Amino acid sequence: MEAYVKSEIQNGIGTIEFFHPQSNSMPGSQLRNLAAEIEKLGNDTEVKVIVLKSAGDRTFCAGASFDELISIKDRETGLEFFSGFAHVINAIRKAPKFVLARIQGKAVGGGVGIASAADYTFATEFASVKLSELAVGIGPFVVGPAVERKVGNSAFTQMAINATEFQSAEWAKEKGLYAEVYASAAEMDEGIQILAKRLANSNPDAMRHLKRVSWEGTENWNKLLIERAKISGELVLSEFTINAINQFKSK
């Protein structure tokens, strides 16, 4: 199957689904399409709440596409690529509707950033998390503000430094990343539908104001996340990072 980002609207619930054959990794085109779809549903008056999900069972999102990372040859291209994650996070942040995330499997790197940016995140017990960026010579600079906002500096730093180890879904719930953790995807989907239907019938103006209040203090993220993307865009050009990515790709 080819990569895609698609959406549907039903009874006030806008559902966005993305897929990539390489463990739902994120090339630049996928990030641009995802940000655009979130923005589109955020501006659609028919949509009262947004559900963000990926296809497949084992991995929610494997983060940045290694194939695209290894192809970056200059700072401008690096900035453009890592800005993709910034645009997705900012699209979620600025959407005037609550975004519920469905994390059915592992979330790595940018996938953790997306899960953290959501306003309310559901997960299964298989949805372990890892910030793997330092292991390939970069660092979770772009997603860092979203992750730290959700779990706090201590837990964020723990994940960022211990970049090769997964943390369990229960750990993520204890730290505040996940709101609810279920034993199966079917149970999770039932929980998502209950909350999504409830929100679809709630006062949209009240939800819009509540969303704005909950994101107070992040007004500088349009600039901040692009500045962070610049750091990653420079680091990805280093010999260390190129060798590390190639080693990961060969496993």
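Residues numbered from 1 in each chain as written. Predicted model: local features only at pLDDT ≥ 70, side-chain atom pairs only at ≥ 80, totals over all residues. Heavy atoms only, no water.

Novice: How do you make sense of the overall build of the protein chain when you look at a structure like this?
Specialist: Across its full length, the protein chain holds 11 helices and 9 strands. A compact globule built from 251 residues should have a C-alpha radius of gyration of about 18 Å, and the protein chain, at 17 Å, falls within 12% of that. Once the C-alpha set of the protein chain is aligned to its principal axes, its extents read approximately 55 × 40 × 35 Å. Here the protein chain holds 251 residues, and the buried ones make up 53% of them. Taking all contacts inside the protein chain whose residues are at least 6 apart in sequence as the whole, residues at least 24 apart take part in 74%. Entry remark: accessible area of the protein chain is about 11600 Å², with carbon and sulfur atoms responsible for 50%. Charge-centre separation for the protein chain: the mean point of 28 positive side chains lies 2 Å from the mean point of 30 negative side chains. (Helix = DSSP H or I, 4+ residues; strand = E, 2+ residues; numbered from the N terminus. Rg over C-alpha atoms; globule rule 2.2 N^0.38 Å. Buried < 20%, exposed > 50% of the residue type's maximum accessible area, 1.4 Å probe, protein only. Contact = heavy atoms within 4.5 Å. Areas by Shrake-Rupley, 256 points an atom, 1.4 Å probe, with all protein chains shown as cover. Lys, Arg positive; Asp, Glu negative; His and termini not counted. Charge placed at Lys NZ, Arg CZ, Asp CG, Glu CD.)

Novice: I keep staring at the environment of alanine 117 and nothing clicks. Help me out?
Specialist: Summarising the element assignment, alanine 117 is placed in helix H4 (residues 110-117). Linking alanine 117 and leucine 100, residues 17 residues apart in sequence, is a C-alpha distance of 9.6 Å.

Novice: In this structure, what is going on with a negative patch on the surface? I would like to understand it.
Specialist: A surface patch of negative charge is lined by Glu125, Glu170, Glu174, Glu187 and Glu190. Listed by contribution, the elements that provide at least two residues to the negative patch are helix H7 (169-174) and helix H8 (185-200). Residue placement: glutamate 125 occurs in the loop between strand S7 (120-124) and strand S8 (129-130). (Patch = residues over 30% accessible without salt bridge, like charges linked within 9 Å, V, L, I, M, F, W, Y side chains within 5 Å. Salt bridge = Lys/Arg side-chain N within 4 Å of Asp/Glu carboxyl O.)

Novice: Where do I start with helix H1 (residues 28-43) in this structure?
Specialist: Think of an α-helix as turning once every 3.6 residues; residues three or four places apart then point the same way. Taking 1.5 Å of rise per residue, the 16 residues of H1 would be expected to cover 22 Å, and the 23 Å separating its terminal C-alpha atoms lies within 8% of that figure. Those residues of H1 that fall on the buried side of the exposure criterion are Gly28, Gln30, Leu31, Leu34, Ala35, Glu37, Ile38, Leu41 and Gly42. The inward-facing, buried residues of H1 abut strand S1 (4-10), strand S2 (13-19), strand S3 (49-54), helix H2 (66-71), helix H3 (75-94) and H4. (Expected span 1.5 Å × (residues − 1).)

Novice: Is there a simple way to explain the pairing of strand S5 (residues 99-103) in this structure?
Specialist: For a regular strand, the rule is simple: side chains alternate between the two faces of the sheet. Counting buried positions along S5 yields 5 of 5 residues, so the element is predominantly enclosed. Residues of S5 alternate between two faces, with Val99, Ala101 and Ile103 on one and Leu100 and Arg102 on the opposite face, all of them buried. Pairing of S3 with S5, which is carried by 3 bridges, proceeds in the parallel orientation. Of the residues in S5, the one forming a bridge with valine 51 is leucine 100. Where S5 lies against S7, 4 bridges are found, and the strand directions are parallel. Of the residues in S7, the one forming a bridge with arginine 102 is phenylalanine 122. (Pairing = 2+ DSSP bridges.)

Novice: Is there a simple way to think about the pattern of salt bridges in this case?
Specialist: Between side chains of opposite charge, a pair can form when the charged atoms approach closely. One pass over the full model with this rule turns up 8 salt bridges. Glutamate 37 is the salt-bridge partner of lysine 40, the closest N and O atoms lying 2.8 Å from each other. Highlighted residues: lysine 40 and glutamate 37, both in helix H1, separated by 3 residues, approximately one helical turn. Taking relative accessible area as the criterion, lysine 40 reaches 46% and is therefore assigned partly exposed. Across the pair arginine 75 and glutamate 234 runs a salt bridge whose closest N-O atoms are separated by 3.9 Å.

Novice: In this structure, what is going on with the sheet that holds S5? I would like to understand it.
Specialist: Remark on secondary structure: sheet strands pair via backbone hydrogen bonds, oriented parallel or antiparallel. Pairing in this open sheet of 6 strands is mixed, and the strands run S1-S2-S3-S5-S7-S9 from one edge to the other. A single partner strand is all that each edge strand has here, and the edge strands are S1 and strand S9 (180-182). Each adjacent strand pair in this sheet contributes to an overall mean axis angle of 20°, direction not counted. (Axes fitted to C-alpha atoms, helices over the stretch in contact; angles between N-to-C directions.)

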